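Now for the letters of each chain:
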Amino acid sequence: MKNKAELSSLAAHTKLIPSVGKIRLALIAGGKSGEREVSLAGAKEVEKALSREKYEVSRYDPAMDLAQLAADAAKIEMAFILLHGPLGEDGTMQGFLDLLGIPYQGAGVLGSALAMDKNLAKILYQQAGLTVAAWEMAQPEDQKNPRRLLARLSLPLVIKPIRQGSSLGMSLARSEEELIQGLAKAFAYDSEVMVEQYVRGREITGGVLGNKELTALPIVEIIPGEGYDFFDYEAKYKKGASKEVCPAELPPEVTARAQEIALVAHRALQLKGYSRTDMIVAADGIYVLETNTIPGMTPTSLLPQAAAAHGLPFPALLDRLIELALT
Ligand SMILES: Nc1ncnc2c1ncn2[C@@H]1O[C@H](COP(=O)(O)OP(=O)(O)O)[C@@H](O)[C@H]1O
Ligand SMILES: [Mg+2]
């Protein structure tokens, strides 16, 4: 057992590896969540865009390389986590890297976990004065008889596993039968499921960049193609299935409010570095849906598009995220 002084000098030593020229960066992608393919596709683009002059990149897939990552920890100066959903975006990988003493981009353990839990996030948004759609947590027995839910909320409803992304396990219910089916589908993804009032309106997303000083990026509007009930997995990732407009063509006061909401959400969830908050502009105001702590990272993904419109092309955005992680 080492004494306290030895331990803290060890910690200082691992933090102060002199970086000779390039930053040794671990790109962590793949994993075991339902968004594995999205993660790998993003990693390919990130690896391509990362400057070879600035970074020496090594890849780790948590599905098989966790022990290797731990073994290499002393040689790694920073990690870029490109995992979405459970066991990656939810604080678990962040905790693992904290234990290994490796800095990483974006939110820490607490922020990642809060943002991943759509129920807790909504409670925090509300407390921060933001508007959210009315919701109820579903119980497994509601699958047999959803009347309890229907007494509190009215159709149409959106059913969501609370800890997923990319619309996985989600569905829209316009009838009691669809609600029963939707609950069964969502409970197959998560033991905790929420049922939320459907909000009609224009779907937008707001990126935030920064640590202490935050910048709200231009708002992007997402217009799902005809035939999509909502921005589901296919509408999200199939080429041409939805249209994105950046900056969104909204009245200036709506844009300003949406940017303010993105900043409030980012702070309410204790986030760091960057985030992307999904919202719906309805007739009676702007509703917050959720905040992504590791948003999609291909050059055409939503946050990179917004950053580009703000004057940060994809490689410069990556540089900025890395810089924010190391400060
Ligand atoms: N309450 C709602 N009303 C209308 N559409 C919704 C609602 N909640 C979600 N959606 C639609 O489903 C998509 C995914 O929901 P979201 O809460 O952003 O979860 P995630 O992106 O993590 O899967 C949204 O982009 C939106 O198109
Ligand atoms: Mg979303």
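According to the domain assignment, the protein consists of domain 1 (4-104), domain 2 (115-132 + 200-325) and domain 3 (135-197). Counting from both sides, the interface comprises 19 residues of domain 1 and, opposite them, 13 residues of domain 2. Taken together, the elements giving at least two residues each to the side of domain 1 that touches domain 2 come down to α2 (36-49) and β3 (78-82). Tallying contributions element by element places α2 first for the side of domain 1 that touches domain 2, with 6 residues. Of the residues in the side of domain 1 that touches domain 2, the class split is 12 nonpolar, 4 polar and 3 charged.

Quick look at helix α10 (residues 252-268) now. End to end, α10 covers 24 Å across 17 residues, agreeing with the expected 24 Å (1.5 Å per residue, within 8%). Along α10, the residues classified as buried are A258, I261, A262, A265, H266 and A268. Burial along α10 is one-sided: seen end-on, the buried residues are contained in an arc of 165°. Of the residues in α10, the exposed ones pointing more than 90 degrees away from the buried face are P252 and E253. In this fold, the buried residues of α10 make contact with α6 (118-127), β8 (202-210), β9 (215-216), β12 (273-282) and β13 (285-292).

The strand order across the open sheet built from 3 strands is β2-β1-β3, with neighbouring strands paired in parallel fashion. Whereas interior strands pair on both sides, the edge strands pair on one side only; in this sheet they are β2 (55-60) and β3. Direction aside, neighbouring strands of the sheet carry axes that sit 25° apart on average.

This part covers unusual backbone geometry. The step from L155 to P156 runs through a cis peptide bond, and the omega angle for that step is -5°. Tracing the backbone through its elements, the reader meets P156 in the loop between α7 (147-152) and β5 (157-161). With an omega of -5°, the peptide bond between C246 and P247 qualifies as cis. Looking at the element boundaries, P247 is found in the loop between β11 (242-245) and α10. A positive phi angle, near 55°, is found at L87, a position not held by glycine. Tracing the backbone through its elements, the reader meets L87 in the loop between β3 and α4 (92-100). Of note, the phi angle at Q270 is positive, near 65°, even though the residue is not glycine.

Moving on, we come to the sheet that holds strand β4 (residues 135-138). Ordered by their spatial adjacency, 4 strands build an open sheet running β4-β7-β5-β6, and the pairing between neighbours is antiparallel. Two strands in the sheet have a free side with no partner beyond their single neighbour: β4 and β6 (171-173). Each neighbouring strand pair of the sheet contributes to a mean axis angle of 25°, computed without reference to strand direction. The strands touched by helix α8 (residues 176-187) are β4, β5, β6 and β7 (193-197); relative to β5, the strand with the most contacts, the crossing angle is about 15°.

So, on to the pairing of β8. Across 9 bridges, the pairing between β8 and β12 is antiparallel. The residue of β12 that forms the bridge with E203 is I280. Inspection of the sheet shows β8 paired to β9 by 2 bridges, in the antiparallel sense. Paired with V208 across the two strands is A216, which belongs to β9. Where β8 folds back on β9, the antiparallel hairpin that results is connected by 4 residues.

This part takes up the environment of N292. Along the chain, N292 turns up in strand β13. Note: C-alpha distance between N292 and L149 (143 residues apart in sequence) is 27 Å. The contact partners of N292, leaving out residues within four places of it in the chain, are G165, S275 and R276.

Residues I28, F80 and L82 are the most contacted members of the largest nonpolar core, which totals 67 residues. Ranked by the residues each element gives to this core, the list is headed by helix α12 (residues 314-325), at 6 residues. Residues lining this core come from more than one domain, with at least three contributed by each of domain 1 (4-104) and domain 2 (115-132 + 200-325). Beyond its immediate chain neighbours, meaning those up to four positions away, I28 contacts Y60, P62, A79, F80, I81, L82, L83 and M93. By size, the runner-up hydrophobic cluster in this structure holds 15 residues, among which are L179, L183, M194 and V195.

What counts as what
- Residues numbered from 1 in each chain as written.
- Chains lettered and ligands numbered in written order.
- Predicted model: local features only at pLDDT ≥ 70, side-chain atom pairs only at ≥ 80, totals over all residues.
- Domains from an automatic or database assignment.
- Contact = placed C-beta atoms within 7 Å.
- Helix = DSSP H or I, 4+ residues; strand = E, 2+ residues; numbered from the N terminus.
- Nonpolar A, V, L, I, M, F, W, Y, C, P; charged D, E, K, R; others polar.
- Expected span 1.5 Å × (residues − 1).
- Buried ≥ 20, exposed ≤ 12 C-beta atoms within 10 Å, placed from the backbone.
- Arc of directions from axis to C-beta.
- Pairing = 2+ DSSP bridges.
- Axes fitted to C-alpha atoms, helices over the stretch in contact; angles between N-to-C directions.
- Core = buried A, V, L, I, M, F, W, Y, C linked by C-beta atoms within 7 Å.

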